[in-house]
Amino acid sequence: MADTPNAVPWARRHTADILRHWRIPSAVIETANLIVSELATNAVRHSANNEPQSTGYPSLADVSTFTLGLQLTGTGLLVQVADRDPRPPVRREVGLEATGGRGLFLVSEMANRWGYYYPTTATGKVVWAELLLHGSRRSDPGRTVQAKERGQPTEPTGPISDPLLIGRVLVGLREL
């Protein structure tokens, strides 16, 4: 997909269509859409030249692409977003009243596990998240997994102290 602002809603629509076709439970589709939204937004906002893109549409000469992949695994769904930016994803600490910057926090809270790796056949990185199809048990809550050649997995910083934060973010997303 072209990394323009309209790519994020199209990625969500594509995800919902595919997962409905695969007869995935609606709760998993909702969670997958949230994760796709956050990962695709990061791919659009953070260009390879280390500058965030504006909220307007770039000229055609400046358009890059990102790739969305959905894959069923034995007990889960793997969501992958590949972009051309080699910088690793960074989970930021933001204030309670901030209106943005919680994307990777949401991904880490909603996914069974998530991480990133550098593909051998392309530039950039692939950020992935795994969702369980049945049940809600998480194998290791909030664990970030990096490719083995990048070293040991890293642990995100401590939990957010506001238990209503995810609810407020979900309400905000529904209003989009």
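Residues numbered from 1 in each chain as written. Predicted model: local features only at pLDDT ≥ 70, side-chain atom pairs only at ≥ 80, totals over all residues. Heavy atoms only, no water.

A. Summary view of the overall build of the chain. When its secondary structure is counted, the chain shows 4 helices and 5 strands. The buried share of the chain, taken over its 176 residues, is 38%. Within the chain, contacts between residues separated by at least 24 positions form 65% of all contacts whose residues are at least 6 apart in sequence. Split by element, the accessible area of the chain, about 10400 Å² in all, is 54% carbon and sulfur. (Helix = DSSP H or I, 4+ residues; strand = E, 2+ residues; numbered from the N terminus. Buried < 20%, exposed > 50% of the residue type's maximum accessible area, 1.4 Å probe, protein only. Contact = heavy atoms within 4.5 Å. Areas by Shrake-Rupley, 256 points an atom, 1.4 Å probe, with all protein chains shown as cover.)

B. Geometry of the pattern of salt bridges. The final tally for this structure, using the stated rule, is 4 salt bridges. Two residues, Arg 87 and Asp 85, come together in a salt bridge whose shortest N-O distance is 2.5 Å. (Salt bridge = Lys/Arg side-chain N within 4 Å of Asp/Glu carboxyl O.)

C. Quick look at the packing of helix α1 (residues 7-21) against helix α2 (residues 26-45). Direction vectors running N to C along α1 and α2 enclose 150°, while the axes themselves pass 9 Å from each other. Judged by the angle between their axes, α1 and α2 are roughly antiparallel. Crossing geometry of α1 relative to α2 is assigned as right-handed. Along its contact with α1, which presents Ala 7, Val 8, Ala 11, Arg 12, Thr 15, Ala 16, Leu 19 and Arg 20, the element α2 presents Ile 29, Ala 32, Asn 33, Val 36, Ser 37, Ala 40, Thr 41 and Val 44. Looking at the contact of α1 with α2, its residues break down into 10 nonpolar, 4 polar and 2 charged. (Axes fitted to C-alpha atoms, helices over the stretch in contact; angles between N-to-C directions. Parallel < 35°, antiparallel > 145°, perpendicular 65-115°, else oblique. Left-handed = near helix turned anticlockwise from the far one by under 90°. Nonpolar A, V, L, I, M, F, W, Y, C, P; charged D, E, K, R; others polar.)

D. Summary view of the packing of aromatic side chains. In this structure the tally under the stated criterion is 1 aromatic pair. A centroid spacing of 5.7 Å and a plane angle of 90° characterise the contact between Tyr 116 and Tyr 118, whose relative ring orientation is edge-to-face. (Phe/Tyr/Trp six-rings, centres within 6.5 Å; stacked < 30°, edge-to-face > 60°.)

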